[in-house]
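The residues making up each chain are set out below.
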Amino acid sequence: MFSLPKAVVGTTQFWYGTNPDLFETMLFAVQEGGINLIDTAEMYGDGRCEEAVGELIRTVGRNSLCITDKILPEHANSRDFFASLDRSLTLLGTDYIDLYLLHWREDADLAEMCSLMEEARTAGKIREWGVSNFDTADMEDLLSVKYGENCRVNQIFYNPLHRGIEFDLMPWQKEKDIRLMSYSTLDRKAARSTLLEKEEIRSILETEHIPVEALMLAFNIHHDVCALFQTKSVTHLKDNLKGLTFDISPYMEIIDRACPPPSAKVPMEKR
Ligand SMILES: NC(=O)c1ccc[n+]([C@@H]2O[C@H](COP(=O)([O-])OP(=O)(O)OC[C@H]3O[C@@H](n4cnc5c(N)ncnc54)[C@H](OP(=O)(O)O)[C@@H]3O)[C@@H](O)[C@H]2O)c1
């Protein structure tokens, strides 16, 4: 199985004009917080996030970091793929990406995309590749084309309030040894408030002295999902990292009652 850390830090807001504190937070995450995987995409800030990740790489050293980057579906074709990948590599200031994902399916030709991913892997420009926002039927289509079985990761929306993938996608991917990485793990403020309205959840947080964000990360990690989150605050980051060591298993029955798993197929939810 492809090895992933428990948690990944994301970068949709990671450029300085808008959030001057973010660079310090990202630096703290890597140098003090034990984070060694950063998620970005060509779409985020139209390359400005990749540029900021590039500065982070130059500051901490390439060997301290692994990078996940994402290509848009409209670029995942033989005309645009390598121009897109090369632009990302230039902005990142590196000669390889550790994990390269198709951002979403749309009308990408899966056979062509797989073949290009393999070509990039052979050329040493990416180490591994995967997809994002693929539901079970999309994954079945992917594995029906040549090289599809080399997909390592599917990055999807998942947290205690959105457990739909547990019904079919999660067991299906486990069987095929394809890892799940969750985005928007901390969801929106409103979702966190919904969790905090539940007395059972509040009582766990009080007993364990952890914030709801740490519980959300621990929940995903417990389900063998690599938890991708984002924060611009070092204080929030430290709180969130508590979720990486918190043993949630004794509380899973209570959580299942408060946030029940799905009993039928739920079409893939997205953010
Ligand atoms: N593949 C895809 O289609 C896709 C889609 C969306 C996102 N992503 C990736 O996933 C990453 C994370 O997703 P997301 O951006 O939706 O974010 P998220 O991690 O679910 O939530 C981020 C929000 O939570 C807040 N937060 C974090 N820790 C907190 C804490 N301890 N206390 C209070 N608030 C806290 C942040 O505010 P503060 O900054 O104030 O802490 C921010 O508003 C993105 O950066 C991106 O890399 C991928």
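Scroll up a little and you will see the structure.
Model, not experiment: these values are computed from the prediction.

Applying the stated criterion across every chain, the model contains zero disulfides. Cysteine Cys49 is unpaired, with the sulfur of Cys226 as its nearest cysteine sulfur at 19 Å. A disulfide-free cysteine, Cys66 has its sulfur positioned 11 Å from the sulfur of Cys226, the nearest such atom. Classification of Cys66 as partly exposed rests on a relative accessible area of 31%.

Okay, the nonpolar core next. If you look at the biggest cluster of nonpolar residues, it comprises 82 residues, and the most contacted ones within it are Ile38, Leu102, Met113, Met139, Leu142 and Ile255. Take this core: its biggest share by element is eight residues, from helix H9 (residues 212-222). If you look at the next biggest cluster of nonpolar residues, it comprises eleven residues, including Leu37, Leu101, Val153 and Met181.

Not every one of the 24 residues close to the ligand is listed here, only the nearest: Asp39, Gln155, Ser184, Thr231 and His236. A distance of 3.4 Å separates a nitrogen atom of the ligand from a polar side-chain atom of Tyr44. Put simply, the parts of the chain that give the shell around the ligand at least two residues each are strand S8 (225-229) and helix H10 (234-241). Residue composition of the shell around the ligand, grouped by class: five nonpolar, 13 polar and six charged.

On to the environment of Ser182, then. With respect to the helices and strands, Ser182 occurs in strand S7 (residues 179-183). Separated by 145 residues in the primary sequence, Ser182 and Leu37 place their C-alpha atoms 13 Å from one another. Discounting residues that sit within four places of it in the chain, Ser182 has contacts with Ile156, Tyr158, Asn220, Val225, Cys226, Ala227 and Leu228. Side-chain polar atoms of Ser182 contact the side chain of Asn220, separated by 2.8 Å.

Analysis parameters
Residues numbered from 1 in each chain as written. Predicted model: local features only at pLDDT ≥ 70, side-chain atom pairs only at ≥ 80, totals over all residues. Heavy atoms only, no water. Disulfide = S-S within 2.5 Å. Buried < 20%, exposed > 50% of the residue type's maximum accessible area, 1.4 Å probe, protein only. Core = buried A, V, L, I, M, F, W, Y, C linked by side-chain atoms within 4.5 Å. Helix = DSSP H or I, 4+ residues; strand = E, 2+ residues; numbered from the N terminus. Near = heavy atom within 4 Å. Polar contact = N/O pair within 3.5 Å; in protein donor to acceptor, adjacent residues only side chain to side chain. Nonpolar A, V, L, I, M, F, W, Y, C, P; charged D, E, K, R; others polar. Contact = heavy atoms within 4.5 Å.

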